[in-house]
Amino acid sequence: CLDGEREVKTYPVTGDFVVDLADAWFILSVLLVAASSLFFILGTLRNLPSRLDELLFVLAVLDVIATVTFSVEYIYRIRAASSVGLSSPLRYMVSGFGIIDGLCALIPAFGYVYPKPFLRAFATLRILKLERYIGAFSSFKQILWQNRAVLSVTGGAAAVMWVIFSTLMYYAERKNPDPEMASHYSSVSTSMWVTLLNLSGEAPLCEYTTAGKFISALMGLIGVGFVTIPMGVLGSGFQDLLEQEEEPTATAPGKPGPAVEPQWMTFRQLVYKFLQGSAANQVEDLNRWEARAVYFERLIFFTIFVTVMAAIMETVDGFDPPGSFNRQVLDVIEIMATLLFTVEYGLRYFSAPEAPEWAARGYVSDSAARWSFATSISSIIDLCAIAPYYLALCGSSLADQYDGELRMLRIFRLLTLDKYIPSVSLIGRVFAKHAKDFQMAAYASASLWLIFSALMWLTERHDKTEVDDLTMGQRYGTMFSAMPYTLVHLTGDYPLIDYDFPAKCVLFLALLFAVGVVSVPTGLLASGFTQELKKFRAEERQKRVDAATTIERAIISYLRRRRLRKITEETKAQSMNLKRQKDIVKKDNPNKIKMVDFLEQKTVAGRVWKKVMLLLIILNVLAVIGESMSWVKEALGSDFLNGFELMSVLLFTFEYLANVWSANANIRYCFHRGNYTLSFFGIVDLVTVAPFWVQTVMYLSGMQFNAFIFRIARLLRILQLEDFVESFTLLDDAWRSCRETMVATGFMALLVWVCGAVLFYEFEQDNPAMEGAFKDLPSSMYYTIIFLGGEWAKIDFTPGGKIVCVIYCVVGIGLYGIPIGAVFEAFSDVLAEDEEKADE
């Protein structure tokens with residue numbers, strides 16, 4: 001029972017209720033671990049509010065009970081082991097669980113006799129006692145053993161690179177004119193801390209010397225890949241063990257659902273179908289009301305985004321003073337949007353009984369279904385979005401007293417779009433389906449978070465180092481204040497680096513073992529959301545097939561065959577037309593054909609020309625970069641750079657004019673000159689040469705101008721590399737393959753971004769430590785999107801801001817990264833397909 005083995009000992013309480021001692025012991029352990037951990041956390045507060053005295057007393061009693069209980073358990077386990085053999089007690093005591101049991105029982109007990117902080121901190125280790133029942137950390141040994149070859153090679157290489165780059169940075173930066181930079185590289189040992197952060201992908205310092213910049217760039221190109229491999233092996237291996245592939249449900253492909261004979265729909269059913277938008281209606285349908293339903297859905301989309309933008313701009317000082325044109329426009333937008341949302345809300349309330357989800361939950365009558373709709377989250381959001389306007393019309397003082405807060409509710413109208421673009425609802429499906437995986441990952445992450453927070457509290461609570469008007473001791477003075485900072489570090493970001501040596505050692509261990517594991521819940525959420533979205537799309541398509549009537553299926557099948565026949569005929573006619581034009585061009589324009597062969601690398605001279613142009617493009621980019629460096633410009637001289645620019649422009653101009661002249665003989669552009677000039681390559685070729693000639697004409701005509709824009713335009717020549725490496729073409733293919741996923745995931749990322757920005761604005765707008773970073777919503781959105789990228793440019797939040805920070809670290813960054821992950825996954829698939837075609 002103590003090891004969590006069920007059905008060993010049970011006690012019947014009533015006829016149908018039986019208590020399993022294993023479950024009872026697990027629940028008791030969870031309660032005691034939570035109580036002792038919370039007692040330790042509250043005990044670190046210096047000025048505890050008096051209203052929490054009773055709670056603290058209860059927790060203290062539970063902590064004593066936990067100490068006694070775990071001590072008795074530890075002694076019992078030793079005696080139980082001794083009954084097996086003489087070596088068994090020692091074997092248990094030196095085992096992993098034996099050490100944890102001993103530390104959790106004995107050390108906190110000594111804390112009552114010698115009240116030292118480090119003895120009390122051992123209470124946080126009690127959370128590891130639950131590992132015996134959850135088993136989250138038990139797989140780490142297996143992961144390390146399975147990846148021992150990778151870890152030995154990359155770990156050794158990472159250690160060597162760490163020492164080498166630390167030494168190089170010491171010699172490069174020890175005499176840096178910036179005293180702060182020099183202090184971080186005063187010795188090889190101090191240099192190793194910042195270098196470790198650089199090799200993990202962080203760059204907290206930037207005022208390097210020229211040599212330091214070169215070494216830092218080298219670390220970014222070479223070192224980061226090697227050093228982050230051992231850091232990520234534990235996290236990725238843990239996630240792979242948690243994720244279980246599901247067997248695809250066997251379905252009969254192509255077998256339609258049961259035919260639904262057409263029937264007369266009531267007015268309420270028609271309203272419900274109309275409000276479903278594109279989910280139940282099509283623009284191309286013969287029924288005009290279906291197209292109107294889709295257009296109404298788009299109008300709702302547009303109105304929501306307009307009102308959200310209006311609410312954001314209202315927070316900017318001086319944008320809408322009373323009586324100004326902007327204020328009048330915003331008032332008109334608010335009136336029109338409120339009327340539209342009121343009509344939509346009334347129609348949804350009227351047609352709620354037709355929604356099948358309410359009947360499935362037992363709300364059969366009309367009144368019950370409407371009550372369920374009115375109390376749903378989406379309905380409450382809709383109501384809160386329109387209620388402030390009507391409160392103001394009624395002259396309520398609440399509208400004036402909480403004007404800012406009520407106006408911010410309009411931004412949360414974005415959440416109502418989940419009715420059309422399922423995103424928030426899918427998260428619930430992900431949590432429900434992967435509940436066990438999330439429990440294990442959350443337990444491992446929470447354990448590491450709690451333990452490392454306690455270690456950072458122990459090592460930094462007396463640190464007098466001041467950074468941004470706050471000492472490190474103030475930041476880590478209590479467990480409550482230390483936990484947000486520690487969690488940010490566990491996500492891999494380091495906005496603060498001025499730690500004592502013991503804290504640096506703690507964070508070194510966090511980089512090695514904890515960062516990868518803490519990121520597992522966000523990875524599970526991201527991968528699970530993508531899988532559920534694919535399944536949801538498949539379910540919706542199947543629903544449409546099953547709901548289609550026999551007549552509708554026949555019409556859709558006829559329209560598809562007709563479109564396919566039309567496309568086939570057009571393609572055949574276009575192919576014959578191109579072949580005829582090619583024969584005409586060969587006969588009438590042989591010189592253009594030779595030029596096309598030259599430009600398309602079908603001749604030896606053409607292939608040499610392309611290699612020369614590739615080299616010229618790279619040299620032009622390097623020249624633009626070099627001109628911004630004074631010592632390079634002085635070494636090469638203005639005459640050389642101007643001559644090189646003139647030669648380059650002449651060659652690029654020749655290539656552009658040659659393409660324009662021969663385009664009507666090139667099958668690549670369908671023998672039409674406009675197809676080249678308006679294509680991606682044609683526009684890029686023109687943009688790379690046009691600024692030079694415009695600048696020349698303006699100079700010869702005596703016009704005054706700023707040459708900076710013309711110099712910057714030369715950097716666009718790097719786009720001509722697309723002719724050699726099809727990066728943008730492949731990205732376009734990747735976008736087309738994942739655009740359906742991007743709609744839902746992009747909407748989720750928008751929700752996380754905007755809602756987080758609103759919360760940070762509400763909590764941090766008056767925080768002096770933020771230095772006006774959240775003074776209005778546009779500024780808040782700027783910093784929030786940086787946070788979602790994993791970089792915490794601001795960190796000293798108020799308590800409310802720290803809660804939002806924790807939420808972002810736990811789920812926000814993972815959800816925001818889903819669209820980026822979808823694009824990269826699609827890009828990898830496109831690259832694989834391209835390689836397969838090349839092999840064939």
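Look a little higher up for the structure.
## What about the overall build of the protein?
Regarding its fold elements, the protein presents 37 helices and four strands. The long-range share in the protein, meaning contacts at least 24 apart out of those at least 6 apart in sequence, stands at 70%. Surface accessibility of the protein: about 46,700 Å² in total, with carbon and sulfur atoms responsible for 65%.

## Concerning the packing of aromatic side chains
Applying the stated criterion across every chain yields a total of 27 aromatic pairs. Between Tyr 74 and Tyr 92, the ring centres sit 6.0 Å apart and the planes meet at 40°, which makes this aromatic pair tilted. Here the residue Tyr 74 occupies a position in helix α2 (residues 53-82), and Tyr 92 occupies one in helix α3 (residues 87-93), the gap between them amounting to 18 residues. Ring plane angle 40° and centroid distance 6.0 Å describe the contact between Tyr 656 and Tyr 676, whose orientation is recorded as tilted. One end of the pair, Tyr 656, is in helix α30 (residues 638-662); the other, Tyr 676, is in helix α31 (residues 673-677), and 20 residues separate them in sequence. Judged by relative accessible area, Tyr 656 falls into the buried class, the value being 12%.

## A look at the pattern of salt bridges
Summed over all chains, the structure comprises 14 salt bridges. Among the ionic pairs, Arg 126 bridges to Asp 63, the shortest N-O distance being 3.2 Å. Here Asp 63 lies in helix α2 and Arg 126 lies in the loop between α5 (117-120) and α6 (131-134), a separation of 63 residues in the sequence. Overall, Arg 126 belongs to the buried group, its relative accessible area being 0%. A relative accessible area of 7% means that Asp 63 is categorised as buried. In this structure, Glu 73 engages Lys 129 in a salt bridge whose closest nitrogen and oxygen atoms are separated by 2.9 Å. Residue Glu 73 is found in helix α2, and its partner Lys 129 is found in the loop between α5 and α6; the two are separated by 56 residues along the sequence.

## Details of the side chain of Asp 796
Within the element layout of this structure, Asp 796 appears in the loop between α35 (777-788) and α36 (799-816). Here Asp 796 falls in the buried class, since its relative accessible area comes to 10%. Polar contacts involving the side chain of Asp 796 include one to the side chain of Arg 475, which spans 2.7 Å. Among the polar contacts made by the side chain of Asp 796, one reaches the side chain of Tyr 485 at a distance of 2.6 Å.

## Points about unusual backbone geometry
Comment: phi is negative for the bulk of residues other than glycine, and the bulk of peptide bonds are trans. Notably, Asp 468 is not glycine yet its phi reads approximately 55°, a positive angle. By secondary structure assignment, the location of Asp 468 is in the loop between β3 (466-467) and β4 (470-471). With a phi angle near 60°, Gln 601 is a residue other than glycine that sits in the positive phi range. Within the element layout of this structure, Gln 601 appears in the loop between α27 (590-599) and α28 (604-627). We classify Gln 601 as partly exposed; its relative accessible area is 34%.

## Here's the deal with the packing of helix α8 (residues 148-173) against helix α10 (residues 188-199)
Running from amino to carboxyl end, α8 crosses α10 at an angle of 115°, the nearest separation of the two axes being 8 Å. The element α8 and its partner α10 pack so that their crossing is right-handed. Contacts between α8 and α10 involve Met 161, Trp 162, Phe 165, Ser 166, Thr 167, Met 169 and Tyr 170 from the first element and Val 188, Ser 191, Met 192, Thr 195, Leu 196 and Leu 199 from the second. Grouping the constituent residues of the contact of α8 with α10 by class yields nine nonpolar, four polar and no charged.

The rules behind the values
- Residues numbered from 1 in each chain as written.
- Predicted model: local features only at pLDDT ≥ 70, side-chain atom pairs only at ≥ 80, totals over all residues.
- Heavy atoms only, no water.
- Helix = DSSP H or I, 4+ residues; strand = E, 2+ residues; numbered from the N terminus.
- Contact = heavy atoms within 4.5 Å.
- Areas by Shrake-Rupley, 256 points an atom, 1.4 Å probe, with all protein chains shown as cover.
- Phe/Tyr/Trp six-rings, centres within 6.5 Å; stacked < 30°, edge-to-face > 60°.
- Buried < 20%, exposed > 50% of the residue type's maximum accessible area, 1.4 Å probe, protein only.
- Salt bridge = Lys/Arg side-chain N within 4 Å of Asp/Glu carboxyl O.
- Polar contact = N/O pair within 3.5 Å; in protein donor to acceptor, adjacent residues only side chain to side chain.
- Axes fitted to C-alpha atoms, helices over the stretch in contact; angles between N-to-C directions.
- Left-handed = near helix turned anticlockwise from the far one by under 90°.
- Nonpolar A, V, L, I, M, F, W, Y, C, P; charged D, E, K, R; others polar.

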